[in-house]
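# Remarks on the overall topology
This is what each chain is made of:
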Protein chains: 2
Amino acid sequence: MKMYGNWRSAASFRVRAALNLKGIPYEEVFLDIDAGEHTQPDFLAINPQGAVPALFVDDGPPLTQSLAILDYLEETHPEVPLLPADPRPRARARSLAQLIACDTHPLYTPRVRKQLMKAYDLSKERAMEFLHFAFTNGLKTLETRLASEPGSGRFMQGDAVSHADLCLVSLWAGTGIFGVDTSPYPTVKRIAEACLALDAVARAHPLKQPGAPAA
Amino acid sequence: MKMYGNWRSAASFRVRAALNLKGIPYEEVFLDIDAGEHTQPDFLAINPQGAVPALFVDDGPPLTQSLAILDYLEETHPEVPLLPADPRPRARARSLAQLIACDTHPLYTPRVRKQLMKAYDLSKERAMEFLHFAFTNGLKTLETRLASEPGSGRFMQGDAVSHADLCLVSLWAGTGIFGVDTSPYPTVKRIAEACLALDAVARAHPLKQPGAPAA
């Protein structure tokens, strides 16, 4: 498989980790988002949204949207499952994944900060306040849910890694990159660290990819 | 089943439409979001995120996050399918659903507008500009994809209603409620109207629910 991604992209991290966990070989083409490569006609012909990841799985057009890709990999490569088998815990794993992938991550993307700076004449620093709002809101709800819901285990849903954890580590990596205070979220931290301790996930970490700043 | 929802909530509309299409009986408790009922302890005990929908399917805690609920309903009530059977078109339907549910809808929620007004001292009118940015970006990408990708049919993916269409009508209803210009998006319009012509979807429309303003 061939994937268009970017070192910092949270969504690319999720897919990279799933491919590694399932043992699916792939090559990744790194788009320079800061240089605007994702807005060029060449890439818009691949994904009109101008977003990564875009994953080629056959001769057809690429798959897009990280959670859709994770579900596709689950359906076509079920040997290493990344969702619980039963509908109830499966729905909880998906709810936790979407709390991050729908309600948290889209609010801190570069396109949102750029729009805020442009529309409201904000400095980069002032626009970053919105990023911190997004992270803090998401982390606070996650901590409450993970610490109080009986479904939590070694990982977010029970004792096996799921899509929820792949979303969590993508958020957690962002807290490091953007300097978000994580001290109020001990349960989130425990689970993120358990997931990042897995070699397949560690190898997919943003800071281990080409283009990333030296640690 | 018992669902906590709100007439204007795009995510509640998606779930309501799926329940109707699958013929699953339910009752809905309408939370007054404008009055802040979703932020009260009673509701936070139901969903710590303070968001609707929250769907009780048994004696356990409720299911949350609309796409997770749609997948749960698909797995437990497969008789009226709302996703294609094959992984490839299934992934496309999910990608289109997530383009709306992850990358568009979360940017125009009341909590985002409230935060923008508070953090950047904006009037309600100025904060609404961000809502229009979110709608316009999402609709533009959707129009390009739907008009150019061979998977499009009577509905977003082929000729059967899927999760993608339920997300689309939830976005489309928002264009009416918030006065978004839809003239540049004829393919989006054609499919949204085809979906809204289904009785099960029409009955779920925001403006047909208790609490909605008279048309």
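Because the structure is predicted, anything quoted here is derived from the model rather than measured. (Residues numbered from 1 in each chain as written. Chains lettered and ligands numbered in written order. Predicted model: local features only at pLDDT ≥ 70, side-chain atom pairs only at ≥ 80, totals over all residues. Heavy atoms only, no water.)

### A closer look at the environment of F30(A)
Residue and element names in this part refer to chain A. Along the chain, F30 falls in strand β2 (residues 27–30). Residue F30 is classed as partly exposed on the basis of its relative accessible area, which comes to 25%. On a C-alpha basis, the gap between F30 and G5 in space is 5.1 Å, while along the polypeptide they are 25 residues apart. With residues up to four places along the chain from it excluded, the contact list for F30 reads G5, N6, W7, R16, E37, Q209 and P210. (Helix = DSSP H or I, 4+ residues; strand = E, 2+ residues; numbered from the N terminus. Buried < 20%, exposed > 50% of the residue type's maximum accessible area, 1.4 Å probe, protein only. Contact = heavy atoms within 4.5 Å.)

### Remarks on the domain arrangement of chain A
Residues and elements named next belong to chain A. On domain assignment, one finds that chain A holds domain 1 (2–80) and domain 2 (87–202). The C-alpha-based centres of domain 1 and domain 2 are spaced at 20 Å. If you look at the interface, domain 1 gives 14 residues, while domain 2 gives 20 residues. Together domain 1 and domain 2 conceal approximately 1,500 Å² of surface at their shared face, both sides included; 71% is due to carbon and sulfur atoms. Close ionic contact of D71 with R94 constitutes a salt bridge, the shortest N to O distance being 2.4 Å. The tally of links between domain 1 and domain 2 comes to four residue pairs in polar contact (both at pLDDT 80 or more). (Domains from an automatic or database assignment. Buried area = accessible area lost by both parts, 1.4 Å probe. Salt bridge = Lys/Arg side-chain N within 4 Å of Asp/Glu carboxyl O. Polar contact = N/O pair within 3.5 Å; in protein donor to acceptor, adjacent residues only side chain to side chain.)

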